[in-house]
Amino acid sequence: MRHPLDGLDPSAAGSAPQLVALLRELRAASGLSIREVSRRARDRGDWLPTSTLAAVLNRDAVPRAEVVAALVRACGGDEAAVDAWLAQCARISAADAAETGPVPRQLPSAPHAFTGRERELHRIDEHLQAASPRAVVIAGPAGIGKTALALRWAHRSLDSFPDGQLYVDLRGFSGADPLAPGPVLHRFLTALGTGPDKVPADGDERAAMFRSLLGHRRVLVVLDNARSPEQLRDLLPGSGGSTALITARTDLFGLTATHGVPHLRLEPLTREESMDLLDAMIGAGRVATDPEAARGLAAACGDLPLALRLAACQTLARPEQSLGELRDRIAKAPLANLDLPGDEAAGLRACLDLTRARLDAGDRAVLDALGLHPATEFEAAGVAALTGTGVGGADAALRRLAGVHLAEAAGEGRWAFHDLVRAYAVEHAGVLPEPDAARARLYDWLTAAVAATWPVLFGLDAEAPPATALPVPEFAGPEDALAWLDARAGMLAETVQHAAANGHPRRASRLAAALWRYQYLRGLRAEALTGLTTALEADRAAGDRSHEATVLYQLGSTLRALGDLDEAERALTEARDLAAEVGNRDGELIAIASLGWCHRARWRLDEARRCGTEVAAGFRALGDADREANALDDIAHLDLLAGDDASAETGFERSVKAFTDRGWTQNLGAALAGLSLVKLRSRDPDTAADLLERALDAYRECGDELGEAFIRSRLAHARALQGRREEAVATARDALDATAAVPSVELRLEVLNNAGFAYSAAGEPLTAEHLHREALDLTEAAPDAYEEARARHGLGDALAAAGDRAGARTEWARALRLHESIGTYGSAELAELLAEPDGDPLAEGNA
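Predicted model, so just to flag it, every value in this text is computed and none were measured. (Residues numbered from 1 in each chain as written. Predicted model: local features only at pLDDT ≥ 70, side-chain atom pairs only at ≥ 80, totals over all residues. Heavy atoms only, no water.)

Colleague: How should I be thinking about the overall build of the chain in this particular structure?
Modeller: Along the backbone of the chain there are 42 helices and 8 strands. Relative to the compact-globule value of 29 Å for 847 residues, the chain shows a C-alpha radius of gyration of 37 Å, a clear excess of over 25%. Across its three principal directions, the C-alpha atoms of the chain cover 110 × 75 × 55 Å. Expressed as a percentage of its 847 residues, the buried residues of the chain come to 52%. In the chain, 66% of the contacts between residues at least 6 apart in sequence involve partners at least 24 apart. Here the chain has roughly 35300 Å² of accessible surface; of this, 50% comes from carbon and sulfur atoms. (Helix = DSSP H or I, 4+ residues; strand = E, 2+ residues; numbered from the N terminus. Rg over C-alpha atoms; globule rule 2.2 N^0.38 Å. Buried < 20%, exposed > 50% of the residue type's maximum accessible area, 1.4 Å probe, protein only. Contact = heavy atoms within 4.5 Å. Areas by Shrake-Rupley, 256 points an atom, 1.4 Å probe, with all protein chains shown as cover.)

What follows is the structure, encoded as structure tokens:
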């Protein structure tokens, strides 16, 4: 059988195209596909990816020696054949070099233990295919892995650049002055074969000669650590097949404007990529022994490649140290522990020092001041407060910091920075003059900004906000105010603790109190509890009894919402008594009102109504019509629960007018919902549906999505009673979907039961049964006698519709006992159902 090498003499090739043609013949004669050649090469221990082989065989350039050797071996050649092919490659390359000049090979070695970044490598390919000139900027902060990525791409693309590779460190961020284009061009031109005496003295002529030499070659130019576009414009290849990879800590959009050079901005590694890097550096076995500690180490390093490599080196240097110990040390003091003993210049702090040194004095001051900020996210006005400057100047400084990747835009006027950059800023903030005054300005501005949301969201004025020299946000409406708070909720909660820990307890207390209503509205009860506990400690330490009463009220209301009624009553009773002691009748009344809600939660409805009556009378005496309206609305809801529909209807009609006049959309939605239930009980679903549509608009206007879901569940029941079955089912399904994962068991229970009644009225008793049983399951985990009674009532209705009259009577009887035990509406209707076993439960309002 003829061997594929028979008759193929590499010495017959006199040029690169002829040599490649012979290699193609070799592969064809072997009968192997490109994929099979690659597999055979891999089996022999050679590196020959299919993409590389395909590129080599379709290009008229002498391939690299290792590619030729791998191909010849995979096709059956022995080492003598390999030597013959390599010798001819060398002869042709030498002849080409004599004709066109030497082939520079200036690339540093490929990065050790490179992992991940496949998406970014692909993006470089995409950018270079579209770019003209063929160039791309890889931008990002110190330690993000820009150079490693560039070298990784370069080494795996060597076959695309048979005419050589040029490399220079432009020293844009280093201890020395940045390199000017002139000396770099001189270096490149001599590397490409130009005699030193032939290099033009004029800079423009050097650049023209450089572009001419690259015009008929395929050369890769790696321009590492650039400082500015001015350094680079003369170093870019012109037309032709050459390519430039540029790395920079600063954005170089001047190149984009003049040459269309695209940017690839690097982010930290993903957590999985970080784990892979640790695996590659210290060994998978070491990571596998404690993967949780390894993940924590990656988190402490902020998934920054340089930080991860430095941590790995420390692990290798001290194998007796556990990953958990190293994680804890770095988490506690990252910059102090992310260096190499004996080579401090390689540490993360040294890298950041080089970037900081390039900033002007004003921008350095802003970076340092950010170390005083409580969070990794901030906005220009907050930075202006810290620095005592104007918002415009702070915003401009942040944009310049973003230009060198020390900050980044986080959306809607907010900025952020990496945890390790924050740690660096904290170090420098320690030597700032008057840090307490700077923090005080920030705390005051944030408190005033939060207070500015109260009139828009709640129709109330917050406690007198602190004075601030900076403008606070202006809000077009509730949605605007909520969006502002939503974007900053975490940062504001952090600021409360930050203020308390940094010697500003009074400001911590004021901010916690201002933030509380928003947190209560959004269901952030645990966060509110943490902030208010801090506020209470601060007020007690300062002896501020008046504000202590305010915080006790907020704390008690939060505990009530969390279901801790014993602690809630204790806090609210203390708030009531303390407010009375300091002569704060307003504070005393709102504490009594909240105590009434505790009584309601315990189904002591008479006591709750007495509290409501006292509160309404008290605010009437004070001339506070707004709070009187709220108290009267609370009484209407109590009357609705107790089944006094006539009194409830009168109360809700009064509430609807009062809340409409005041523009209190959330309160209005609740009052309309209460009035709609009265109408459902009186078998007037048309009016109920109209009221619920208005309630839906009100909740939508104030941005209360959970309120919308609750209204939809009740509207579904009204639609079913109107005979609009398909609409009822669709509306019920929307409400159920919207509350499927809500933390509020109380809301989910009400929606499940409302939807169950809707499905029963729509003629789907099996679905209704399922929903009411789900509600019963919830009441086992979170007891709620009223909703349990409603669930059993609805379950009885569903069973009756399915023909199980005995089961229905059992559930109705249980529901009746529950209603009688807590004094709520439903007893009369259930007694009637039990007295008339053949009655039709679906004809009732049963809401």
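Colleague: Even after reading the chapter, I still don't get the packing of helix H23 (residues 435-451) against helix H25 (residues 478-501), so can you show me in this structure?
Modeller: Pairs of packed helices are described in terms of their axes, by the angle between the two and the distance that separates them. Closest axis-to-axis distance for the H23/H25 pair is 11 Å, and the angle between their directions is 140 degrees. Put simply, H23 runs oblique to H25. Every pair of crossing elements has a handedness; the one defined by H23 and H25 is left-handed. Taking contact as the criterion, the partners of Arg439, Tyr443, Trp445, Leu446, Ala449 and Val450 in H23 are, on H25, Trp484, Leu485, Met491, Leu492, Thr495, His498 and Ala499. (Axes fitted to C-alpha atoms, helices over the stretch in contact; angles between N-to-C directions. Parallel < 35°, antiparallel > 145°, perpendicular 65-115°, else oblique. Left-handed = near helix turned anticlockwise from the far one by under 90°.)

Colleague: Explain the sheet that holds strand E6 (residues 377-379) to me, please; I cannot follow it from the model alone.
Modeller: The strands making up a sheet are joined through hydrogen bonds of the backbone, oriented either antiparallel or parallel. Spatial ordering of the open sheet is given by E6-E8-E7, a layout of 3 strands whose pairing is antiparallel. On the outer flanks of this sheet lie E6 and strand E7 (408-411), each paired with one strand and no other. Across the sheet, the mean angle from the axis of one strand to that of its neighbour is 45 degrees, orientation sign disregarded. In this structure, E7 lies alongside strand E8 (residues 414-416), joined through 3 bridges in antiparallel fashion. The residue of E8 that forms the bridge with alanine 409 is tryptophan 415. Where helix H20 (residues 380-387) meets the sheet, it contacts E6 and E8, and its direction lies at approximately 80 degrees from that of E6. Together, E6 and E8 form the strand contacts of helix H21 (residues 391-403), whose direction differs from that of E8 by roughly 40 degrees. (Pairing = 2+ DSSP bridges.)

Colleague: Looking at this structure, how should I read the sheet that holds strand E4 (residues 243-248)?
Modeller: Spatial strand order, E2-E3-E4-E1-E5: 5 strands in an open sheet with parallel pairing. Two strands close off the open sheet at either side, each with one partner strand: strand E2 (165-169) and strand E5 (263-265). On average, each strand axis in the sheet is inclined to that of its neighbour by 15 degrees, with strand direction left out of account. When strand E1 (residues 135-139) meets E4, the two strands line up parallel, connected through 5 bridges. Bridge pairing in E4 links alanine 135 to alanine 244. Its contacts with the sheet put helix H8 (residues 181-191) on E2 and strand E3 (220-226), and the angle it makes with E2 is roughly 155 degrees.

Colleague: What am I meant to see in the packing of aromatic side chains here?
Modeller: Ring pairs (aromatic) are described by centroid distance and by the angle formed between their planes. Tallied over the entire structure, the rule returns 9 aromatic pairs. Considering the side-chain rings of tryptophan 516 and tyrosine 553, the 5.7 Å spacing of their centres and the 70 degrees angle between planes classify their relative orientation as edge-to-face. Here tyrosine 553 lies in helix H28 (residues 545-561) and tryptophan 516 lies in helix H26 (residues 505-521), a separation of 37 residues in the sequence. Given a relative accessible area of 4%, tryptophan 516 falls into the buried group. Since its relative accessible area comes to 14%, tyrosine 553 is described here as buried. Linked through ring pairs, Trp516, Tyr520 and Tyr553 together constitute an aromatic cluster. Sitting above the plane of the tyrosine 520 ring, arginine 525 keeps its charged end 4.4 Å from the centroid. For arginine 681, the ring lying beneath its charged end belongs to tyrosine 825, and the centroid distance is 3.6 Å. (Phe/Tyr/Trp six-rings, centres within 6.5 Å; stacked < 30°, edge-to-face > 60°. Lys NZ or Arg CZ within 6 Å of the ring centre and 35° of its normal.)

Colleague: Is there a simple way to explain empty space enclosed by the protein in this structure?
Modeller: Any empty space left between the atoms is revealed when a probe the size of a water molecule rolls over them. One pass over the structure, following the stated rule, counts 3 cavities of 30 Å³ or more. Computed from the structure, the largest cavity encloses a volume of approximately 80 Å³. Around the largest cavity sit Ala593, Gly596, Trp597, Arg600, Ala608, Cys611, Gly612, Val615, Asp634 and Leu638, which together line it. Contributions of two or more residues to the lining of the largest cavity are made by helix H30 (585-601), helix H31 (605-622) and helix H32 (625-642). (1 Å grid on protein atoms, 1.4 Å probe; cavity = no way out; pocket = protein on both sides within 12 Å on 5 of 7 lines; lining within 4 Å. Points joined across faces, edges and corners; volume = space filled by probe spheres on them.)

Colleague: Help me understand the nonpolar core, please; the structure alone is not making it clear to me.
Modeller: Considering soluble globular proteins, one finds that nonpolar side chains tend to be buried as a cluster. In terms of nonpolar packing, the biggest core is built from 131 residues, with Ile124, Leu338 and Leu401 touching the most fellow members. Ranked by the residues each element gives to this core, the list is headed by H25, at 9 residues. What isoleucine 124 contacts, discounting residues up to four positions off in sequence, is Val136, Ile138, Leu149, Trp153, Leu245 and Leu264. Counting 62 residues, the second-largest nonpolar core is a separate cluster that includes Leu640, Phe652, Leu752 and Leu816. (Core = buried A, V, L, I, M, F, W, Y, C linked by side-chain atoms within 4.5 Å.)

Colleague: Where do I start with the pairing of E4 in this structure?
Modeller: Where a strand is regular, its side chains alternate between the two sheet faces. Most of E4 is tucked away: 6 of the 6 residues are buried. Across the two faces of E4 the burial is the same, with Thr243, Leu245 and Thr247 and Ala244, Ile246 and Ala248 all buried.

Colleague: Sorry, what's going on with the pattern of salt bridges here?
Modeller: When the charged atoms of two side chains with opposite charge come close together, those side chains can pair. A full pass over the atoms with the stated rule returns 57 salt bridges. Note that arginine 265 and aspartate 251 form a salt bridge whose closest N and O atoms lie 2.6 Å from each other. Highlighted residues: arginine 265 in strand E5 and aspartate 251 in the loop between E4 and helix H11 (253-259), separated in sequence by 14 residues. A salt bridge links aspartate 368 to arginine 356; the nearest nitrogen and oxygen atoms lie 2.8 Å apart. Here the residue aspartate 368 occupies a position in helix H19 (residues 361-370), and arginine 356 occupies one in helix H18 (residues 348-357), the gap between them amounting to 12 residues. A relative accessible area of 17% places arginine 356 in the buried class. Members of the salt-bridge network, linked through shared partners, are Asp566, Glu569, Arg602, Arg604 and Glu607. (Salt bridge = Lys/Arg side-chain N within 4 Å of Asp/Glu carboxyl O.)

Colleague: Explanation requested: unusual backbone geometry in the structure shown.
Modeller: Among all residues save glycine, negative phi is the norm, and among peptide bonds the norm is trans. In the Ramachandran plot, histidine 405 falls in the positive-phi region, its phi being about 65 degrees despite a non-glycine side chain. Given a relative accessible area of 11%, histidine 405 falls into the buried group. The phi torsion at tryptophan 603 lies on the positive side, around 65 degrees, for a residue other than glycine.

Colleague: So what exactly am I meant to see when it comes to the confidence of the model for the chain here?
Modeller: Predicted coordinates in regions of low pLDDT should not be interpreted in detail. Overall, the predicted model of the chain reaches an average pLDDT of 89, with 96% of residues at or above 70. A low-confidence stretch, residues 839-845 stays under pLDDT 50, and its non-local contacts, those more than four residues away or across chains, total 19 contacts. (pLDDT = per-residue confidence, 0-100.)

Colleague: Just checking my understanding: could you explain the environment of arginine 156 for this structure?
Modeller: Locating arginine 156 in the fold gives a position in helix H7 (residues 146-156). Taking the C-alpha atoms as reference points, arginine 156 and proline 49, separated by 107 residues in sequence, lie 9.9 Å from one another. In this structure, arginine 156 is in contact with Glu118 and Leu121, ignoring residues within four places of it in sequence.

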